[in-house]
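Spelled out, the chains give:
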Amino acid sequence: MTATDLLVRDAMAAEAVPQPRPMRVAIVGMGNVGASFAYALLLSGLAAEIVLIDANRAKAEGEAMDLNHAVPFSHPTRLWAGDLSDCAGAVVTVLAAGANQKPGETRLELVKKNAAIWRQIVPELARHNPNGILLIATNPVDVLTYAAWKLSGLPAAHVIGSGTILDTARFRYLLSQHFGVDARSVHAFIIGEHGDSEVPVWSSANIAGMRLPEFCRAQAMSYDAEAMRQIFLQTRDAAYRIIERKGATYYAVAAGLMRITQAILRNQKTVLSVSSVIREFHGLDDVCFSLPTVVDRGGVEDVLRLELDDSEVSKLRESAELLRKTIQSLDLS
Ligand SMILES: NC(=O)c1ccc[n+]([C@@H]2O[C@H](COP(=O)([O-])OP(=O)(O)OC[C@H]3O[C@@H](n4cnc5c(N)ncnc54)[C@H](O)[C@@H]3O)[C@@H](O)[C@H]2O)c1
């Protein structure tokens, strides 16, 4: 065999070996949230391919051009403006398309506008990508997570809403400021609706395994119940305060979407407060809201049955009931 024959033989052998699919993430909706997430994802180097989709094609193209010019400063990534058929093979498709809250508008008031968009895009997404995971950010996120599950026909484990990942982050941040420790060392969850009826789980909130009153005793601090109440109100109402000032919120939710995407792509089994279809929890069933959830390459691996006190259970029931009524108003069956 000549040297050329050997080269040809090696090239043919290499071609015959099946190449792993490049890790693709698709983003539908390239507004504030979609673009912030795309930027964070590009800088993270987690995805080999990022496809940007928007009803306003020029917007997606402009974002793709701008982001591509950051590639030499980040990671080799194929990034382009595409259409829904480019979601084929994506491990995760993030949905951030639709209207956002206007000043004073609740997340639940957005529902009609965004459900209409869902009816257009979700069945098509599922047709192009029957095996991928849908990660919903658009509000009202719990209702639209349920709608995405129904309209897509995908397994429930493959449909995740960002849910209270952001509220939990806000809560941990504010508690960390109060107690003077790193936010990552504060373990506390907001559950239920991502919205006005969300529920803080004070009964298990802890630092280093110490419940908050116990932590205060150990630190010779007084446990200030009124300060705790204010921290929850600031957590719950943070979006309103930010929207009054800058018109929208996007960086922190983009970071939350990144955390969920990382847990999926890297099969991390991370416990995150995200929204998914809930089965049999304190009599609540067939509705989407957030509970601490194990997230891995298969999406929702497990929804953890968090211990709650009676008042937390009753607030969670109210929250879930509100979501159920909104879901019913959409007539998704
Ligand atoms: N889950 C959370 O924690 C959280 C936090 C902040 C914002 N949000 C929500 O995220 C959503 C997006 O917010 P934003 O500030 O990026 O809004 P935005 O108005 O900046 O962007 C929305 C984008 O969606 C596009 N779009 C509309 N219809 C479409 C369709 N049929 N197909 C493809 N693209 C379409 C628009 O062209 C626009 O570019 C809102 O619903 C907002 O309330 C959620």
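Residues numbered from 1 in each chain as written. Predicted model: local features only at pLDDT ≥ 70, side-chain atom pairs only at ≥ 80, totals over all residues. Heavy atoms only, no water.

Asks: Would you take a moment to explain the pairing of strand S4 (residues 92-95) for this structure?
Replies: Regular strands place side chains that alternate from one sheet face to the opposite one. Along S4, one buried face is formed by Val 92 and Val 94 and the opposite face, lined by Thr 93 and Leu 95, is buried too. Pairing analysis gives four bridges linking strand S1 (residues 24-28) to S4, with the strands arranged parallel. Across the sheet, Ala 26 pairs through a bridge with Thr 93, a residue of S4. Alignment of S4 against strand S5 (residues 133-136), held across four bridges, turns out to be parallel. Following the sheet pairing, Thr 93 is matched in S5 by Leu 134. (Buried < 20%, exposed > 50% of the residue type's maximum accessible area, 1.4 Å probe, protein only. Helix = DSSP H or I, 4+ residues; strand = E, 2+ residues; numbered from the N terminus. Pairing = 2+ DSSP bridges.)

Asks: Explanation requested: the site of the ligand in the structure shown.
Replies: Neighbouring residues of the ligand: 27 residues in total, closest Val 33, Asp 54, Ala 99, Asn 100 and Ala 137. At a separation of 2.6 Å, an oxygen atom of the ligand approaches a polar side-chain atom of Asp 54. Between an oxygen atom of the ligand and a side-chain N or O atom of Asn 139, the distance comes to 3.0 Å. Take the shell around the ligand: its biggest share by element is four residues, from helix H4 (residues 111-128). A breakdown of the residues in the shell around the ligand according to their chemical character gives 13 nonpolar, 13 polar and one charged. (Near = heavy atom within 4 Å. Polar contact = N/O pair within 3.5 Å; in protein donor to acceptor, adjacent residues only side chain to side chain. Nonpolar A, V, L, I, M, F, W, Y, C, P; charged D, E, K, R; others polar.)

Asks: I keep staring at the pairing of strand S13 (residues 287-296) and nothing clicks. Help me out?
Replies: Of all ten residues in S13, ten are buried, a share of seventy percent or more. Inspection of the sheet shows strand S12 (residues 270-278) paired to S13 by nine bridges, in the antiparallel sense. Residue Val 277 lies in a different strand from S13, and its bridge partner there is Cys 288. As judged from the four bridges shared by S13 and strand S14 (residues 299-303), these two strands associate in the antiparallel manner. Counterpart to Thr 293 in the pairing with S14 is Val 303. Taking the residues between adjacent antiparallel strands as the criterion, S13 and S14 are bridged by two residues.

Asks: Looking at this structure, I do not really get the packing of helix H2 (residues 32-44) against helix H10 (residues 251-265). What am I missing?
Replies: The description of two packed helices rests on the angle between their axes and on the distance between the axes. At a minimum axis distance of 8 Å, the contact between H2 and H10 shows a crossing angle of 50°. Put simply, H2 runs oblique to H10. Relative to H10, the crossing made by H2 is right-handed. Between H2 and H10, the residues in contact are Val 33, Ser 36, Phe 37, Ala 40, Leu 41 and Ser 44 and Tyr 251, Val 253, Ala 254, Leu 257, Met 258 and Thr 261, respectively. Of the residues assigned to the contact of H2 with H10, the class counts are nine nonpolar, three polar and no charged. (Axes fitted to C-alpha atoms, helices over the stretch in contact; angles between N-to-C directions. Parallel < 35°, antiparallel > 145°, perpendicular 65-115°, else oblique. Left-handed = near helix turned anticlockwise from the far one by under 90°. Contact = heavy atoms within 4.5 Å.)

Asks: Just checking my understanding: could you explain the packing of helix H6 (residues 165-179) against helix H8 (residues 225-236) for this structure?
Replies: It is the contact of H6 with H8, at a shortest axis distance of 9 Å, that shows an interaxial angle of 145°. Here H6 runs over H8; the crossing is right-handed. Counting all contacts with H6, which are made through Asp 167, Arg 170, Phe 171, Leu 174, Leu 175, His 178 and Phe 179, the residues of H8 involved are Ala 227, Met 228, Ile 231, Gln 234 and Thr 235.

Asks: Sorry, what's going on with the sheet that holds strand S11 (residues 210-211) here?
Replies: The pairing of strands in a sheet comes from backbone hydrogen bonds and takes either a parallel or an antiparallel form. Spatially, the three strands line up as an open sheet ordered S7-S10-S11, and their pairing is antiparallel. Pairing within the sheet leaves two strands with one partner each, and these edge strands are strand S7 (186-187) and S11. Strand direction decides the pairing type here: strand S10 (residues 206-207) and S11, joined by two bridges, are antiparallel. Counted as the bridge partner of Asn 206 is Arg 211 from S11.

Asks: Before we go on, may I ask you to explain the nonpolar core in this structure?
Replies: It is characteristic of soluble globular proteins that their nonpolar side chains tend to be buried jointly. Phe 37, Leu 52, Trp 118 and Phe 289 are the most contacted members of the largest nonpolar core, which totals 94 residues. No other element matches the eight residues that H10 contributes to this core. Residues contacting Trp 118, with those up to four places away along its chain left out, are Leu 95, Ala 97, Pro 123, Ile 136, Thr 138, Leu 144, Ala 147, Ala 148 and Leu 151. If you look at the next biggest cluster of nonpolar residues, it comprises 16 residues, including Leu 174, Phe 179, Cys 216 and Phe 232. (Core = buried A, V, L, I, M, F, W, Y, C linked by side-chain atoms within 4.5 Å.)

Asks: Mind showing me how you'd approach the environment of Gly 299 here?
Replies: Tracing the chain through its elements places Gly 299 in strand S14. Separated by 39 residues in the primary sequence, Gly 299 and Ile 260 place their C-alpha atoms 9.3 Å from one another. Residues within four places of Gly 299 in sequence aside, it is in contact with Ile 133, Ala 157, Ile 160 and Val 294.

Asks: I keep staring at unusual backbone geometry and nothing clicks. Help me out?
Replies: Where the residue is not glycine, phi is negative for most of them; where a peptide bond is considered, it is trans in most cases. Following Asn 139, the chain continues to Pro 140 via a peptide bond in cis, the omega torsion being -5°. Considering the arrangement of structural elements, one finds Pro 140 in the loop between S5 and helix H5 (141-152). Of note in the backbone geometry, His 282 takes a positive phi value of approximately 50° without being a glycine. Considering the arrangement of structural elements, one finds His 282 in the loop between S12 and S13.

Asks: Honestly, H8 in this entry has me stumped. Any pointers?
Replies: Since there are 3.6 residues in each turn of an α-helix, residues three or four apart along the chain are aligned in direction. Under the 1.5 Å per step criterion, the end-to-end length of H8 is 17 Å for twelve residues, consistent within 8% with the ideal 16 Å. Of the positions making up H8, those classed as buried are Ala 227, Met 228, Ile 231, Phe 232 and Thr 235. Taken around the axis of H8, the buried residues stretch over an arc of 140°, which confines them to a single face. At its buried positions, H8 is contacted by H6, strand S8 (190-191), strand S9 (199-200), helix H7 (212-218) and helix H9 (238-246). The N-cap residue of H8 is Asp 224: its side-chain oxygen and the backbone nitrogen of Glu 226 are 3.2 Å apart. (Expected span 1.5 Å × (residues − 1). Arc of directions from axis to C-beta.)

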